[in-house]
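# Structural description and commentary
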Amino acid sequence: MVAAIEVRQLTKTFGAGRKALDAVDLTIEKGEMVALIGASGSGKSTLMRHVAGLVAADRKGTHDGSILVNGRPVQDKGRIGREVRDIRSEIGFVFQQFGLVNRMSVLTNTLAGALGRLPQWRTLFKLFPRADRDLAMAALARVGVADWAYERAGTLSGGQQQRVAIARTLVQKAPVVMADEPIASLDPTASRNVMEILQRINREDGITVVVTLHQVDYAVRYCPRTVALRRGRIVYDGPSAELTPQLLGELYAGDQEAAAALWGTAMQDGADSLEMKLAAGLV
Ligand SMILES: Nc1ncnc2c1ncn2[C@@H]1O[C@H](COP(=O)(O)OP(=O)(O)OP(=O)(O)O)[C@@H](O)[C@H]1O
């Protein structure tokens, strides 16, 4: 079976020789829900941008540096593929800051997901076919914000706006959703809600979901598999359930602040958190 995302030997150097990504190999099968974790600056967003074909990897060196999405080449040896716009239409993007047009209605923002498959004259006049309007309303109902369909997007709470962003990917009919820190600006309740919706579209629709997270506890709770990055290299790729404070302490040895931050809220609310931190060598 063709993988949803296949990254081979991807290396990206910025500026004076600092590798933001260092020979990254990663295969994500269709229908998986994968967390991408790592401290600030570990390369999560850079990897996402490469998969989206927004940034080209290094050309030099011995690395192959290729990325396929649904078997189609996003980039190869530092060159962005010719079909990249078309491939990108198969990826739904969700960002930390929602990426909605605040002054437009929630419904119009959701319908924007259909733009890629409509002729330009329709999009210019915002003439969306009935089927897409129905699809958008159904998507908004699914994420629980249908009652706000005719409100301006900017008036919604952060959690509601993020749900609209997910509804937009449903209208896009994207088989792959890449969510870059979708809960970083949200409170715990809204965060759980957004993660539950991502989990639902993964389980019910078979949509492949890749989500970057700062905190491991959300990865453990919602994503069967976690990929951990450190300084541009994959230091863990396996079941989220096997991630323990001890293991994180080992993975991020010498960077205790990063390990402690990644363990995050799970550390804060357990009565045994000090013991756990001690066990992990974090204090
Ligand atoms: N356009 C750029 N020019 C120069 N350096 C960059 C650029 N983009 C990213 N970097 C560097 O690449 C490294 C990885 O950054 P990246 O944003 O991917 O990390 P991240 O894991 O997503 O961090 P965060 O969790 O803070 O978003 C960092 O050292 C960053 O400074």
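It should be noted that the structure appears before, not after, this text.
Let us look at the structure shown here. (Residues numbered from 1 in each chain as written. Predicted model: local features only at pLDDT ≥ 70, side-chain atom pairs only at ≥ 80, totals over all residues.)

## As for the sheet that holds strand β3 (residues 33–37)
The line we're drawing: Note on pairing: DSSP must find at least two bridges between two strands before they are called paired. Each helix is a run of DSSP H or I of at least 4 residues and each strand a run of E of at least 2, with the numbering of both proceeding from the N terminus. Angular values range over 0 to 180 degrees, each being the angle between N-to-C directions of two axes fitted as lines to C-alpha atoms, with helices fitted over their stretch in contact. Two residues qualify as a contact pair if the distance between their C-beta atoms, derived from the backbone, is within 7 Å.
With respect to topology, 6 strands assemble into an open sheet ordered β7-β8-β9-β3-β10-β11, the strand pairing being mixed. At either end of the open sheet lies a strand with only one pairing partner, and these are β7 (91–95) and β11 (233–239). Each strand of the sheet is rotated relative to its neighbour by a mean of 15°, with strand direction disregarded. Sheet topology note: the β7/strand β8 (residues 176–180) ladder contains 5 bridges and is parallel. From the neighbouring strand, Phe 93 faces β8, where its bridge partner is Met 178. Packed onto the sheet, helix α1 (residues 44–51) meets β3, β8, β9 (208–213) and β10 (225–230) and runs at close to 150° relative to β8. In the packing of helix α6 (residues 158–172) onto the sheet, the strands contacted are β7 and β8, and the crossing angle to β7 comes to about 175°.

## Details of the sheet that holds strand β5 (residues 72–76)
Strand order in this open sheet of 5 strands is β2-β1-β4-β5-β6, and the pairing throughout is antiparallel. Pairing within the sheet leaves two strands with one partner each, and these edge strands are β2 (18–28) and β6 (79–80). Judged from the 4 bridges that link them, strand β4 (residues 66–69) and β5 form a sheet pairing that is antiparallel. Paired with Val 69 across the strands is Arg 72, a residue of β5.

## A word on unusual backbone geometry
Note the threshold: Residues are called buried when their C-beta atom has 20 or more other C-beta atoms within 10 Å, exposed when it has 12 or fewer, and partly exposed otherwise; all C-beta atoms are positioned from the backbone.
Even without a glycine there, the phi angle at Lys 77 is positive, about 50°. A positive phi is found at Phe 98, a non-glycine position, where the angle reads about 75°. Note that Phe 98 resides in the loop between β7 and α3 (106–111). A tally of 22 C-beta atoms within 10 Å means that Phe 98 is categorised as buried.

## Notes on the site of the ligand
Put simply, the test is: Each residue gets a C-beta atom placed from its backbone. If that atom is within 6 Å of a molecule or strand, the residue is near it. Three categories are distinguished: nonpolar for Ala, Val, Leu, Ile, Met, Phe, Trp, Tyr, Cys and Pro, charged for Asp, Glu, Lys and Arg, and polar for the others, with Gly belonging to the last.
The environment of the ligand is formed by Phe 14, Gly 15, Ala 20, Gly 38, Ser 40, Gly 41, Ser 42, Gly 43, Lys 44, Ser 45 and Thr 46. Element by element, the count of residues in the shell around the ligand is highest for α1, at 3 residues. Here the residues of the shell around the ligand are counted per class, giving 2 nonpolar, 8 polar and 1 charged.

## Description of α1
Burial within α1 is extensive, with 6 of its 8 residues counted as buried. Taken residue by residue, α1 has Lys 44, Thr 46, Leu 47, Met 48, His 50 and Val 51 as its buried positions. Gly 53 lies just past α1 and shows a positive phi near 75°.

## Considering the nonpolar core
Selection criterion: Here, a nonpolar core means buried Ala, Val, Leu, Ile, Met, Phe, Trp, Tyr and Cys residues linked by C-beta atoms lying within 7 Å of one another.
Ranked by size, the top nonpolar core spans 82 residues in total, and within it Leu 36, Val 51, Val 69, Ile 166, Leu 198 and Val 211 carry the most contacts. For this core, the leading source of residues is α6, giving 6 residues. With near-sequence residues (within four places) excluded, Leu 198 lies in contact with Ile 166, Ala 179, Val 209 and Val 211.

## Quick look at the environment of Arg 163
Relative to the elements of secondary structure, Arg 163 occurs in helix α6. The sequence separation of Arg 163 and Gly 254 amounts to 91 residues, and the corresponding C-alpha distance is 38 Å. The residues touching Arg 163, leaving out its near neighbours within four places in the chain, are Val 143, Gly 144, Val 145, Val 194 and Ile 197.

## A word on the environment of Glu 90
Mapped onto the elements, Glu 90 comes out in the loop between α2 (84–88) and β7. Glu 90 sits in the partly exposed class, given 16 other C-beta atoms within 10 Å. Linking Glu 90 and Gly 249, residues 159 residues apart in sequence, is a C-alpha distance of 37 Å. For Glu 90, the residues in contact, after removing those within four places along its chain, are Val 69, Asn 70, Ala 174, Pro 175 and Val 176.

## So, the packing of α6 against helix α7 (residues 188–205)
Rules: Each angle is binned into one of four classes, with values under 35 degrees roughly parallel, values over 145 roughly antiparallel, values of 65 to 115 roughly perpendicular, and all other values oblique. Crossing handedness: left-handed means the near helix sits turned counterclockwise from the far one by under a right angle, and right-handed means the same turn made clockwise.
Interhelical geometry of α6 versus α7 gives an angle of 15° and a closest axis separation of 9 Å. As the angle between them shows, α6 and α7 are arranged roughly parallel. Like other packed secondary-structure pairs, α6 and α7 cross with a definite hand, here right-handed. Residues Gly 158, Gly 159, Gln 162, Arg 163, Ile 166 and Leu 170 of α6 lie in contact with α7, whose contacting residues are Ala 190, Asn 193, Val 194, Ile 197, Leu 198 and Ile 201.

Everything listed is a geometric property; what it means functionally is a separate question.
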